[in-house]
Amino acid sequence: EKNGYDHFMLKEIFEQPETIEASFRGRINTKNNEIILGRLTDVMPRILEAQRIVLIACGTSWHAALIGEYLIEELARIPVEVEYASEFRYRNPVLSSNDVVLAISQSGETADTLSAVRMAKEHQAMVLGICNVVGSSMSRETDAGIYTHAGSEIGVASTKAFTAQVTVLTLLALRLARLKQTIPEERFHAIVTDLLAAPEKIRTILQSSNHIQYIANKYRDAVNALYLGRGYLFPVALEGALKLKEISYIHAEGYAAGEMKHGPIALIDNNIPVVVVAPKDRYYEKVVSNIQEVKARKGNVIAVVSMGDNRLKGMVNDVLEIPESDPIVTPLLTVIPLQLFAYYIAVLRGCDVDQPRNLAKSVTVE
Ligand code: F6R
């Protein structure tokens, strides 16, 4: 069942061009780029009228939710909050029938997320779900939702479910933007076009897996690692750090790059690998300054860069290249080399990547 791959995680990483395509198949009319989210048709008026959207999730799904917040706010101009399900459910949040709660879960069985769904319903909020497992508890208990169609994910570390969640959140943000007319027509088409091109670009990234393995080998003995990104790539930095820590047991932290000077910079010495997500986007110059700050303190920088970025190549220790695309689509591209980097380090350290210690695929305890 591993299709010749050594681990389910590797198979699932390599499946992402197809699973992302499966998440948008039938949902983008390629004749006119219109987005179709059939299961949301009836509830769309209420979403458009919502005073805010609250995204709730745990772990990797929470990282997808953070990207969702940025997407929905930037494209559709609806206020969004993101909450850990385990916090939200216990803290008596302000909720009413004017709120839309959107729960995100691969398994649809995470106990804290389900409890948060039930609590939101008690407060008369409309509750939607983004879920991978068809027929799961979450899919039954929400008012409406969107399936991610990533296929069953067996590796405990979530990979293809994450990119499917981000894809679906992008579709949702685009649909809302279209209905609210919050972005210009050309911008809408440019994003849809780049989303449709993402699977092919991911294939290109996957072809560099040998190079990523070579870099992983250099840093396999690290004790700590720091991941930095800005904007849409801040949650990607968090996700890269989570992947590394959960399967390789190297302590890793993700930070918004602008926060580095407020504390984590004290960690920088000549041992620490610092993974910086730095493609050419509106934050590029700021991120370059962050890299210079790390280099000035002798940190080892591994940068995820746009293809052909010779400026950063000359400045950092190692680069992982990704094809250029609209910033809306870059989370889908930049997370791929980080998944592979974590995978290869864990394998080189002899860890059981599909069954990391102390972790379960679906967390049904509270
Ligand atoms: C990390 C991971 C976990 C899950 C979390 C939520 O790789 O897999 O952090 O993302 O337990 O699970 P779901 O999405 O099933 O609710």
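Our subject in this report is the structure included herewith. (Residues numbered from 1 in each chain as written. Predicted model: local features only at pLDDT ≥ 70, side-chain atom pairs only at ≥ 80, totals over all residues. Heavy atoms only, no water.)

Okay, the overall build of the protein chain next. Looking only at helices and strands, the protein chain features 14 helices and twelve strands. Relative to a compact globule of 366 residues, whose C-alpha radius of gyration would be 21 Å, the protein chain shows 20 Å and is just as compact. For the protein chain, the spread of C-alpha atoms along the principal axes amounts to about 55 × 45 × 45 Å. Within the protein chain, contacts between residues separated by at least 24 positions form 75% of all contacts whose residues are at least 6 apart in sequence. Taken as a whole, the protein chain presents about 14,500 Å² of accessible surface, with 47% of it coming from carbon and sulfur. In the protein chain, 38 positive and 43 negative side-chain charges are present, and the distance between their average locations comes to 2 Å. (Helix = DSSP H or I, 4+ residues; strand = E, 2+ residues; numbered from the N terminus. Rg over C-alpha atoms; globule rule 2.2 N^0.38 Å. Contact = heavy atoms within 4.5 Å. Areas by Shrake-Rupley, 256 points an atom, 1.4 Å probe, with all protein chains shown as cover. Lys, Arg positive; Asp, Glu negative; His and termini not counted. Charge placed at Lys NZ, Arg CZ, Asp CG, Glu CD.)

Glancing now at the pattern of salt bridges. For the structure on display, the rule yields 22 salt bridges. When the shortest N-O distance is used, the salt bridge between Arg282 and Glu74 registers 3.0 Å. With a gap of 208 residues between them, Arg282 in the loop between β10 (273-277) and α12 (284-296) and Glu74 in helix α4 (residues 59-76) connect regions that are remote in the sequence. Residue classification places Arg282 among the exposed residues on the basis of a relative accessible area of 58%. What makes Glu74 partly exposed here is its relative accessible area of 25%. (Salt bridge = Lys/Arg side-chain N within 4 Å of Asp/Glu carboxyl O. Buried < 20%, exposed > 50% of the residue type's maximum accessible area, 1.4 Å probe, protein only.)

This part takes up unusual backbone geometry. Of note in the backbone geometry, Asn3 takes a positive phi value of approximately 55° without being a glycine. Position of Asn3 relative to the elements: it lies in the segment before α1 (8-14). Even without being a glycine, Tyr249 presents a positive backbone phi close to 65°. Overall, the relative accessible area of 28% leaves Tyr249 in the partly exposed class.

So, on to the pairing of strand β11 (residues 300-306). Burial within β11 is extensive, with seven of its seven residues counted as buried. In this sheet, β11 lies alongside β10 in parallel orientation, the contact comprising five bridges. Within β11, the position partnered with Val276 by the bridge is Ala303. Pairing between β11 and strand β12 (residues 318-322): five bridges, direction parallel. Paired with Val304 across the strands is Leu320, a residue of β12. (Pairing = 2+ DSSP bridges.)

We now examine the site of the ligand. Residues in contact with the ligand amount to 14 residues; listed here are only the nearest, Ser61, Ser105, Gln106, Thr110 and Glu246. The side chain of Ser61 places a nitrogen or oxygen atom 2.6 Å from an oxygen atom of the ligand. Relative to its free-state accessible area of 410 Å², the ligand is covered by the protein chains to the extent of 90%. Residue assignment for the shell around the ligand shows that the elements contributing at least two residues are α4 and α11 (233-248). Counting residues per element, the shell around the ligand draws most heavily on α4, which supplies three residues. Of the residues that constitute the shell around the ligand, the class distribution is four nonpolar, eight polar and two charged. (Near = heavy atom within 4 Å. Polar contact = N/O pair within 3.5 Å; in protein donor to acceptor, adjacent residues only side chain to side chain. Nonpolar A, V, L, I, M, F, W, Y, C, P; charged D, E, K, R; others polar.)

This part is about the packing of helix α2 (residues 16-24) against helix α9 (residues 185-206). Two packed helices can be described by the angle between their axes and the distance between those axes. At a minimum axis distance of 9 Å, the contact between α2 and α9 shows a crossing angle of 170°. In terms of orientation, α2 lies roughly antiparallel with respect to α9. Between α2, through Pro17, Glu18, Ile20, Glu21 and Phe24, and α9, the contact on the second element is made entirely by Leu195, Leu196, Pro199, Ile202, Arg203 and Leu206. Tallied by class, the residues present in the contact of α2 with α9 amount to eight nonpolar, no polar and three charged. (Axes fitted to C-alpha atoms, helices over the stretch in contact; angles between N-to-C directions. Parallel < 35°, antiparallel > 145°, perpendicular 65-115°, else oblique.)

A few words on the sheet that holds strand β6 (residues 126-131). One open sheet accounts for five strands, arranged β4-β3-β5-β6-β7; its pairing is parallel. A single partner strand is all that each edge strand has here, and the edge strands are β4 (80-84) and β7 (144-147). Averaged over all neighbouring strand pairs, the angle between strand axes comes to 20°, with direction disregarded. Pairing analysis gives five bridges linking strand β3 (residues 52-57) to β4, with the strands arranged parallel. Considered in β4, the bridge of Ile53 is made with Val80.

With that out of the way, let us pick up the packing of aromatic side chains. Scanning all chains against the criterion turns up five aromatic pairs. Measuring from ring centre to ring centre gives 3.9 Å for Trp62 and Tyr84, while their planes differ by 15°; the resulting arrangement is stacked. Here Tyr84 lies in strand β4 and Trp62 lies in helix α4, a separation of 22 residues in the sequence. Between Tyr343 and Tyr344, the ring centres sit 5.2 Å apart and the planes meet at 70°, which makes this aromatic pair edge-to-face. Assigned by exposure class, Tyr343 and Tyr344 land together as buried. The ring centre of Phe188 lies 4.3 Å from the NZ or CZ of Arg178, which sits over that ring. Over the ring of Tyr284 we find Lys280; its NZ or CZ atom is 5.6 Å from the centre of that ring. (Phe/Tyr/Trp six-rings, centres within 6.5 Å; stacked < 30°, edge-to-face > 60°. Lys NZ or Arg CZ within 6 Å of the ring centre and 35° of its normal.)

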